[in-house]
Amino acid sequence: MKSLSNLRLINPETDSVTEGWITFGETITEIGTGTPPKGAEDCGGLHLAPGIIDIGVKICEPGERHKESYRTAGQAAAAGGVTTMVTRPDTTPVTDTPEMLEFANRRAREAAPVHVLPMAALTKSREGREMTEIGFLKDAGAVAFTDTDHPIRDTKVFLRALTYAKGLDALILAHPQEPILSQGAAMTSGPFATKLGLPAVSPQAERLGLERDLALVEMTGCRYHADQITTACALPALERAKAAGLPVTAGTSVHHLTLNTFDTDDYRTFFKLKPPLRSEDDRIATVEALASGLIDIISSMHTPQDEESKRLPFEEAASGAVALETLLPASLRLVHAGHLTLPQLFRALSLNPAKLLRLPAGRLSPGAPADLILFNPDTPFVLDRFKLRSKSKNTPFDTARMQGRVTRTYVSGKPVFESD
């Protein structure tokens, strides 16, 4: 049994930050604000919060292990305060069979110091033509189903998959983009994209994709999560769906909350993401939607890419960025700027992902798993990408001034990371 005292306890359920202490083993046993238990470790006023549950992490085993492995991703997650990684199926080969799920679960148990929950593909090989064996995959441990950044073009196939998933109470994650309009796009359309001479996509492509998906959700009643809402024009549709009581939630990436399309100046490929970075107006609208609760979840969308795939002309370079270690300090920019409070931030990083996946984690309450992070939100540092624990170093925050350092991470009460 471990006791920590002289803490600032961030509780996203009660929307509070209080001074107090905590006692835990594998689960939290007691939390208090008075005299701490005898022998409690004095933490010097550090903040304690539920561990981050990061939905949409790409781990590149088995076929692209040179980009990221369960071991390196797990180490990066622990250093970043991520206690649960929810992994994507866009692996090589695609995670679309119970055998591939078993491989993922076995490698995670062997190598990762944090919890790993796998998602499975919604259609075979993510080709959008034939749905996977959702029932078998769910029995094998898949927590959700998604084709990630391959929106299903055939509406009839998607409708069939949603209908089947509804019967199994399975969660569907979708990447809302109109696939034909967004094909080959490297930037969001506008004067800046024209200036750079790069192929671009209208923000309306996200709205069109979301509107279609929400209509199908209304038809089927399937549990649906939009993994990245990044534009102002998509928000009214999301608001109407929630007001109508549809089983819909939405997330966004930390990069779209903290960066905008102007960051791609000089054709810097570390800023090439999918969907592409948006205008500052879209960024602010997304931040406001997060603060109001319209958008539920922040995720890293951790996408490792090797140097060779990024050292190409912008249009040809691979999309994506690593973010397991930068998720917390980048998200804290929203707190330091006054857009969010710390409880609001951890509602989006911990509590809401736990609710979506029906996990007991994401809470500071007796009986909850002792998946915890101890951190100082104000510690300044300059990010050096070569010090990241991920195998790939493709972060847009290289050399950026940031605030917020994790001091210690606990998973099921056991320390899995401690800063030097």
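Our subject is the structure listed above.
Residue numbers restart at each chain and count upward from 1, following the sequence in its written direction. Side-chain atom pairs in this predicted model are given and counted only at pLDDT of 80 or more, local residue features only at pLDDT of at least 70, and totals for whole chains, interfaces and linings cover all residues. The side-chain numbers reported here are obtained from all heavy atoms of the structure, hydrogens and water having been left aside.

Enquirer: Go over the pattern of salt bridges, please, and point to the residues and values.
Expert: A side chain with one charge can pair with a side chain of the opposite charge if their charged atoms come near. In the sections that follow, a salt bridge refers to a side-chain nitrogen of Lys or Arg positioned within 4 Å of a carboxyl oxygen of Asp or Glu. For the structure on display, the rule yields 29 salt bridges. Two residues, Glu 41 and Lys 2, come together in a salt bridge whose shortest N-O distance is 2.9 Å. In this pair, Glu 41 sits in strand S4 (residues 41–42) while Lys 2 sits in strand S1 (residues 2–11), placing the two residues 39 residues apart along the sequence. Put simply, DSSP marks the helices as runs of H or I at least four residues long and the strands as runs of E at least two long, and each gets a number from the N terminus on.

Enquirer: Explain the packing of helix H4 (residues 155–167) against helix H7 (residues 204–220) to me, using residue names and the numbers behind them.
Expert: Where H4 contacts H7, the axes come no closer than 10 Å and their chain directions differ by 40°. Comparing the axis directions of H4 and H7 gives the class oblique. Crossing angle aside, the handedness with which H4 passes H7 is right-handed. For the pair H4 and H7, contact is made by Thr 155, Phe 158, Leu 159, Leu 162, Thr 163 and Lys 166 and by Arg 212, Asp 213, Leu 216, Val 217, Met 219 and Thr 220, respectively. For the contact of H4 with H7, the per-class residue count stands at six nonpolar, three polar and three charged. Interaxial angles span 0 to 180 degrees and are taken between N-to-C directions of axes, which are lines fitted to C-alpha atoms, for helices over the stretch in contact. To sort the angles, those under 35 degrees are grouped as roughly parallel, those over 145 as roughly antiparallel, those from 65 to 115 as roughly perpendicular, and the leftovers as oblique. Whether a crossing is left-handed or right-handed is set by the direction in which the near helix is turned from the far one by less than a right angle, anticlockwise for left-handed and clockwise for right-handed. Residue contacts are defined here by distance: any two heavy atoms, one from each residue, within 4.5 Å place the two residues in contact. Classification convention: Asp, Glu, Lys, Arg as charged; Ala, Val, Leu, Ile, Met, Phe, Trp, Tyr, Cys, Pro as nonpolar; all other residues, Gly among them, as polar.

Enquirer: Could you give an account of the sheet that holds strand S9 (residues 171–174), naming the residues involved and the relevant values?
Expert: In short, DSSP must find at least two bridges between two strands for them to pair. Read across the open sheet, the four strands follow the order S9-S12-S13-S14; overall the sheet is parallel. With one partner strand each, in any of the chains shown, S9 and strand S14 (297–299) form the two edges of the open sheet. Between one strand axis and the next, the sheet turns through 30° on average, direction left out of account. Relative to strand S13 (residues 248–253), strand S12 (residues 223–226) runs parallel, the two sharing three bridges. When the sheet's bridge partners are listed, Tyr 224 is paired in S13 with Val 248. Here H7 sits on the sheet in contact with S9, S12 and S13, set at roughly 170° to S12. The strands touched by helix H13 (residues 342–357) within the sheet are S9, S12, S13 and S14, with S14 carrying the most contacts at an inclination of about 100°.

Enquirer: Break down the sheet that holds strand S7 (residues 82–87) for me, with residues and values.
Expert: Pairing between sheet strands relies on hydrogen bonds along the backbone, with the strands arranged either parallel or antiparallel. Here we have three strands laid out as an open sheet, ordered S6-S7-S8, and parallel in their pairing. On the outer flanks of this sheet lie strand S6 (52–57) and strand S8 (115–118), each paired with one strand and no other. Each strand of the sheet is rotated relative to its neighbour by a mean of 20°, with strand direction disregarded. With five bridges connecting them, S6 and S7 associate as parallel partners. Counterpart to Asp 54 in the pairing with S7 is Met 85. In the packing of helix H1 (residues 70–80) onto the sheet, the strands contacted are S6, S7 and S8, and the crossing angle to S7 comes to about 135°.

Enquirer: Account for the environment of Gly 81, naming residues and giving values.
Expert: Mapped onto the elements, Gly 81 comes out in the loop between H1 and S7. Residues Gly 81 and Thr 399 lie 318 residues apart in sequence; the distance between their C-alpha atoms is 21 Å. Apart from the residues lying within four places of it in its own chain, the contact partners of Gly 81 are Gly 51, Ile 52, Ile 373, Val 406 and Thr 409.

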